[in-house]
Amino acid sequence: TPAITSTTLEDFEAHMAYLEESDLVVVPLSEIVENPEIPNDRRVAITFDDAYANIFELAVPRLIKRGFPFTIFVATEYVDRPGFFSWDELRYIEAHGGTVANHSHSHLHMLRKQEDESHRAWIKRIRLDIEKAQRLLEANLRQPAKYLAYPYGEYDLHILALIKEMGFVGFGQQSGAAGATSLKTIMPRFPLSGPYAELETFKTKVNTLALPIEVPVISPIFDTNPPTLSLKFPNPEGLRLSDLACYGPSGKTHLTSISDRELQAQNPNPLPVGRSRYNCTMPGPDGRFYWFSQLWIQKRPDGSWYPEP
């Protein structure tokens, strides 16, 4: 796969060695989903998207050897195809501490409507694709989780509402630690591939805590460019809000204090076409950082969708 979405074996080994040596605890993803409110949390969950065959060949043996649980999000249309997991391999990882979950059937761009497709038909098509994947997982495996990782990390408010209605926990690709206020329809995960795989950066990220804000339920598709992100702190006592820093595609964002409990972040320049983020961090306890990320999605000027790299 492209280098930006891949992790070298050397980096992966370094990540696993650090987790073994640290006081972090690798747990099944379900433990964080079901109980995200542990203060000063030191739990880590490991996830993979797409079920490429080399995950089974290279990562799975190293995880099993260490007794590390893990979750693989599977686009079921690709199972048994060359270069991807087989159903037998998915059953094997279930028997050895792995969890299998939904990554849609066809790995579709959920946001991209087909030509002349109505809103109702679009939502129905997404629902049927997710349901097909879940049926195949349940028919072929012992206990797949009712979790969904959004293909490409893309979503909007309509998709979040659909996922909630369908009873799924949703996972994005926006960075950050899960915590008490994380939205169950768009749980954060840290990408640890390509330029994000460096060991010192990994150490910082796996030790982060969720930024203690009221997580906003907002669409990543925006009308005004650059968009504004409001960060509301319900209990700011003991927090150094003056040390909050947010970064966008142009570097450090402008931060405006609205009150002693709310700040607003805005990139100094218009966001580029494609997917981008505001990443906000603040010093926390014991040398750790609080972290929150907001995804943004910008179409081309003519309203068409950008190609994938």
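Quick look at the structure, then. Treat the numbers as computed from the prediction; the structure is a model and nothing was measured.

Let us look at the pairing of strand E14 (residues 274–283). The pairing of strand E10 (residues 245–248) with E14 spans three bridges and is classified as antiparallel. Among the inter-strand pairings, Ala-245 is bridged to a residue of E14, identified as Thr-281. In this structure, E14 lies alongside strand E15 (residues 289–298), joined through ten bridges in antiparallel fashion. Each bridged residue has a counterpart across the sheet, and for Arg-275 the counterpart in E15 is Ile-297. Hairpin connection, E14 to E15: the antiparallel pair is bridged by five residues, and Asp-286 has positive phi, about 55°.

Throughout the structure, instances matching the rule amount to 16 salt bridges. The salt bridge involving Arg-127 is made with Glu-165; its shortest N-O contact spans 2.7 Å. Here Glu-165 lies in helix H6 (residues 157–166) and Arg-127 lies in helix H5 (residues 119–140), a separation of 38 residues in the sequence. Here the residues in one salt-bridge network are Glu-13, Glu-20, Arg-62 and Arg-66, joined through shared partners.

Overall, the coordinates contain 13 aromatic pairs when judged by the stated rule. Ring pairs connect the aromatic residues Tyr-52, Tyr-78 and Phe-84, which therefore count as one cluster. In this structure, Arg-112 packs its charged tip against the face of Tyr-306, placed 5.1 Å from the ring centre. Its end group placed over the ring of Phe-168, Lys-146 keeps NZ or CZ at 5.2 Å from the ring centre.

For the rest of this paragraph, the subject is the packing of helix H1 (residues 9–21) against helix H3 (residues 53–66). Across the interface, H1 lies against H3 with an axial gap of 11 Å and an inter-helix angle of 15°. Taken together, the axis directions place H1 and H3 in an arrangement best described as roughly parallel. Every pair of crossing elements has a handedness; the one defined by H1 and H3 is right-handed. Together, Leu-9, Phe-12, Glu-13, Met-16, Ala-17 and Glu-20 of H1 and Leu-58, Ala-59, Arg-62, Leu-63 and Arg-66 of H3 make up the contact between the two elements.

Over its 22 residues, H5 extends 32 Å from the first C-alpha to the last, a length consistent with the 32 Å expected when each residue adds 1.5 Å. Listed in full, the buried residues belonging to H5 are Trp-122, Ile-123, Ile-126, Asp-129, Ile-130, Ala-133, Gln-134 and Leu-137. Buried positions in H5, seen along its axis, are confined to an arc of 125° and lie on one side of it. Of the exposed residues in H5, the ones pointing more than 90 degrees away from its buried face are Arg-120, Lys-124, Arg-135 and Ala-139. Check the buried side of H5 and you find it contacts strand E4 (70–74), helix H4 (87–95), strand E5 (98–102), strand E6 (147–149) and H6.

Cut-offs applied
Each chain carries its own residue numbering, running from 1 in the direction its sequence is written. Only residues with pLDDT of at least 70 are given local features in this predicted model, and only at 80 or more are side-chain atom pairs given and counted; all residues enter the totals for whole chains, interfaces and linings. Neither water nor hydrogens contribute to the side-chain values; these are computed over all heavy atoms in the structure. Any two strands between which DSSP finds at least two bridges are classified as paired. Labels follow the DSSP assignment, with helices taken as runs of H or I lasting at least four residues and strands as runs of E lasting at least two, numbered in each case from the N terminus. Salt bridges, as used here, are contacts in which a Lys or Arg side-chain nitrogen is within 4 Å of a carboxyl oxygen on Asp or Glu. Any two of the Phe, Tyr and Trp rings considered here, Trp counted by its six-membered ring, make a pair once their centres fall within 6.5 Å; the pair's planes then place it as stacked at under 30 degrees, edge-to-face at over 60, or tilted in between. Here, a charge over a ring is recorded when the distance from Lys NZ or Arg CZ to the ring centre is within 6 Å and its angle to the ring normal is within 35 degrees. Axis lines are fitted through C-alpha atoms, for helices just across the contact stretch, and the angle between N-to-C directions can take any value from 0 to 180 degrees. When describing relative orientation, an angle under 35 degrees is termed roughly parallel and one over 145 degrees roughly antiparallel, while 65 to 115 degrees is termed roughly perpendicular and anything else oblique. By definition, turning the near helix anticlockwise from the far helix through less than a right angle yields a left-handed crossing, and turning it clockwise yields a right-handed one. Throughout, a residue-residue contact means that at least one pair of heavy atoms, one from each residue, lies within 4.5 Å. An expected span of 1.5 Å times one less than the residue number is assigned to each helix. When accessible area is computed with a 1.4 Å probe and restricted to protein chains, residues below 20% of their type maximum are described as buried, those above 50% as exposed, and intermediate ones as partly exposed. For this quantity, the arc is that covered by the directions from the helix axis to the C-beta atoms.

Honestly, it's all geometry; don't read function into it.
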